[in-house]
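# Structural overview for review
The residues making up each chain are set out below.
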Amino acid sequence: HSNLYKKVADHVLALDDLREFRPQAFSNLLWAFAKCEKSNPKLFKKVADHIVALSNLDEFNEQDLSNIVWAFASAKVTHPMLFRKVADHIIALDHLRKFTPQSL
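None of these values were measured; they are calculated from a predicted model.

## Quick word on the overall build of the protein
Check the secondary structure of the protein and you find five helices and zero strands. For the protein, the sequential pattern of α-helices and β-strands runs α-α-α-α-α. Compactness check: the protein gives a C-alpha radius of gyration of 13 Å against a globular reference of 13 Å for 104 residues, within 12% of the reference. Summarising its shape, the C-alpha atoms of the protein cover approximately 45 × 30 × 20 Å along the three principal directions. The buried share of the protein, taken over its 104 residues, is 38%.

Written as structure tokens, this is what we have:
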């Protein structure tokens, strides 16, 4: 339902900050928009800018990261700094044991 997606996007875009969002909330939000082909570059940019500004991604699990990157790719929204931050986080991990084949 297009009006629902617009209402959700407008609400998130109107927020002063996204500190109350947990990693899974970002993952679910972006995944839903991408899955339903409701691209909203302003929403994606706001979320990405917030994630990039975090000191680290330690609270994000492998599925959160995978869903977020997938959503950006599927929605054809680019944010090189987000992709670099996710890549740097994964490279810095001691191992990838928690990453399932699906999340890789």
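## Overview of unusual backbone geometry
A positive phi is found at Glu37, a non-glycine position, where the angle reads about 55 degrees. Turning to its location among the elements, Glu37 is positioned in the loop between helix H2 (23-35) and helix H3 (41-53). Not every positive phi belongs to a glycine, and Lys76 is a case in point at roughly 55 degrees. Its relative accessible area of 73% is what places Lys76 among the exposed residues.

## Observations concerning H2
If you check H2, its first and last C-alpha atoms are 18 Å apart, about what 13 residues at 1.5 Å a residue would give, namely 18 Å. Looking at the packing, one finds that the buried side of H2 touches helix H1 (2-14), H3 and helix H4 (62-75). In the segment just after H2, Glu37 is the residue with positive phi, at about 55 degrees.

## Overview of H1
Here H1 is 13 residues long and its end C-alpha atoms lie 18 Å apart, about the 18 Å a rise of 1.5 Å per residue gives. Check the buried side of H1 and you find it contacts H2 and H3.

## Some details on the side chain of Lys85
Mapping Lys85 onto the fold places it in helix H5 (residues 80-92). Buried charge Lys85 goes without a salt bridge, the closest partner of opposite sign being Asp88 at 8.3 Å. Apart from the residues lying within four places of it in its own chain, the contact partners of Lys85 are Ile51, Val52, Leu54, Ser55, Asn56 and Leu57.

Analysis parameters
Residues numbered from 1 in each chain as written. Predicted model: local features only at pLDDT ≥ 70, side-chain atom pairs only at ≥ 80, totals over all residues. Heavy atoms only, no water. Helix = DSSP H or I, 4+ residues; strand = E, 2+ residues; numbered from the N terminus. Rg over C-alpha atoms; globule rule 2.2 N^0.38 Å. Buried < 20%, exposed > 50% of the residue type's maximum accessible area, 1.4 Å probe, protein only. Expected span 1.5 Å × (residues − 1). Contact = heavy atoms within 4.5 Å. Lys, Arg positive; Asp, Glu negative; His and termini not counted. Salt bridge = Lys/Arg side-chain N within 4 Å of Asp/Glu carboxyl O.

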